[in-house]
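An overview of the molecular structure
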Amino acid sequence: MKKEYGFTAKIYDPMLYLALNPIRKAVLKELIDHRESSILDLCCGTGNQLKMLSRNGFKSLHCLDLSESMLEVARRGDHSINVHREDAARTGFRDGEFEVVILSFALHEKDRKTQLEIIREAHRILGNDGTLLVVDFIFDERTRKTGRMGATLIERMAGGEHYRNFKRYKQSGGLSSFIDERRFKLVKSLRKASTVVTISTYRRSP
Ligand SMILES: C[S@@+](CC[C@H](N)C(=O)[O-])C[C@H]1O[C@@H](n2cnc3c(N)ncnc32)[C@H](O)[C@@H]1O
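Thresholds applied
Residues numbered from 1 in each chain as written. Predicted model: local features only at pLDDT ≥ 70, side-chain atom pairs only at ≥ 80, totals over all residues. Helix = DSSP H or I, 4+ residues; strand = E, 2+ residues; numbered from the N terminus. Rg over C-alpha atoms; globule rule 2.2 N^0.38 Å. Buried ≥ 20, exposed ≤ 12 C-beta atoms within 10 Å, placed from the backbone. Core = buried A, V, L, I, M, F, W, Y, C linked by C-beta atoms within 7 Å. Contact = placed C-beta atoms within 7 Å. Expected span 1.5 Å × (residues − 1). Arc of directions from axis to C-beta. Axes fitted to C-alpha atoms, helices over the stretch in contact; angles between N-to-C directions. Nonpolar A, V, L, I, M, F, W, Y, C, P; charged D, E, K, R; others polar. Pairing = 2+ DSSP bridges. Right-handed = clockwise from strand over helix to strand, strands pointing away.

Let's talk about the overall build of the protein chain
Within the protein chain, the regular secondary structure consists of six helices and seven strands. Secondary structure elements of the protein chain, listed N to C terminal, follow the sequence α-β-α-β-α-β-β-α-β-α-α-β-β. The C-alpha atoms of the protein chain give 16 Å as radius of gyration, which agrees with the globular expectation for 206 residues (17 Å, within 12%). Counting only C-alpha atoms and orienting by the principal axes, one finds that the protein chain spans roughly 40 × 40 × 30 Å. For the protein chain, the residues scored as buried account for 37% of the 206 residues in total.

What follows is the structure in structure tokens.
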């Protein structure tokens, strides 16, 4: 997957800085009591979120992605984040290895089968009562038109399979259409980016 996100990896952080930085800060705030927890960012991309956590004293950080180009960027800088090149749908981690799993802007671009596999894997590698923090788009009656238009424009630029999956995600009702309430209880949901992004915190159930 070196080619996937090949060019995008180089421009991802600067291009999306203004849109993503307030979201990264909000995630930091949500996780502030987890400084000592083992945290895995599944589909971490450039590792931008974990780098912010690392700068703020978080200690046990793991970053996983399939794209070598994204991971090349993630490895840069002065940090002690553990970087893993693996498939988020079938990782090599032990059952219950993590206290927190982050999934940020990863699910909307996946087909339904992969979405379900990644959520199942997050459930497996989280300990009981572990925290799943999902950052992704949301389209409902509260979503403002500006937010809808901005998200759709960005995803249309990504094009191809990503855009087709994004449209399916949007039409099917987003996260609530495939995150099983019996396995993950929603405990908090925040809106960001003109209400088109949700930061959803789930508690893992057995
Ligand atoms: C839109 S980017 C989001 C990156 C980052 N989480 C963020 O918030 O900016 C989606 C990422 O998911 C990664 N990805 C896609 N499918 C994956 C898979 N099966 N396993 C691991 N990473 C995957 C891509 O390589 C890409 O880096």
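And the narrative resumes.
Description of the nonpolar core
A general trend in soluble globular proteins is that nonpolar side chains are found buried together. Formed by 46 residues in total, the largest nonpolar core has its most connected members in Ile39, Leu42, Val101, Leu103, Ala122, Leu132 and Leu133. Here Leu132 is in contact with Val101, Ala122, Leu126, Phe184, Tyr202 and Arg204, once residues within four sequence places are set aside.

Concerning unusual backbone geometry
Even without being glycine, Asp129 reaches a positive phi, approximately 70°. Mapping Asp129 onto the fold places it in strand E5 (residues 126-137). A residue is classified by how many C-beta atoms lie within 10 Å of it, and Asp129, with 11 of them, is exposed. You will see that Ser194, though not glycine, has its phi angle at about 60°, which is positive. Mapped onto the elements of the fold, Ser194 is located in the loop between strand E6 (184-192) and strand E7 (197-204).

A short note on helix H5 (residues 145-158)
In this model H5 runs 20 Å from its N-terminal to its C-terminal C-alpha over 14 residues, within 8% of the 20 Å that 1.5 Å per residue would give. Restricting attention to buried positions, one finds in H5 the residues Gly147, Ala151 and Glu155. Projected onto a plane normal to the axis of H5, the buried residues spread over an arc of 55° and lie on a single side. Turned more than 90 degrees away from the buried face of H5 sit Lys145, Thr146, Met149, Leu153, Arg156 and Met157, all of them exposed. Along its buried surface, H5 packs onto E5 and helix H6 (160-172).

Describing the packing of H5 against H6
Where H5 contacts H6, the two axes come as close as 6 Å, and the packing angle between them is 145°. Of H6, the residues touching H5 (which contributes Glu155, Arg156 and Ala158) are His162, Tyr163 and Phe166. Here the contact of H5 with H6 is built from residues that sort into three nonpolar, one polar and two charged.

Describing the environment of Glu155
Inspection of the secondary structure puts Glu155 in helix H5. With 96 residues separating them along the chain, Glu155 and Lys59 place their C-alpha atoms 33 Å apart. With sequence-adjacent residues up to four places away left out, Glu155 is seen in contact with His162, Tyr163 and Phe166.

Focus on the sheet that holds strand E4 (residues 98-104)
As summarised here, the arrangement of the seven strands in space is E3-E2-E1-E4-E5-E7-E6, forming an open sheet in which the pairing is mixed. Every interior strand has two partners, whereas the edge strands, strand E3 (82-85) and E6, have only one. The average undirected angle you get between the axes of adjacent strands in this sheet is 20°. With five bridges connecting them, strand E1 (residues 38-42) and strand E2 (residues 60-65) associate as parallel partners. Bridging across to E2, Ser38 finds its partner in Ser60.

Points about the pairing of E4
Counted residue by residue, E4 has six buried out of seven residues, so it is predominantly covered. Pairing of E1 with E4 involves four bridges; the strand directions are parallel. Note on E4: the bridge partner recorded for Leu40 is Val101. Pairing of E4 with E5, which is carried by six bridges, proceeds in the parallel orientation. Directly across from Val100, in E5, lies its bridge partner Thr131. A crossover connection joins E4 to the parallel E5 through helix H4 (residues 112-125); in handedness this β-α-β unit is right-handed.

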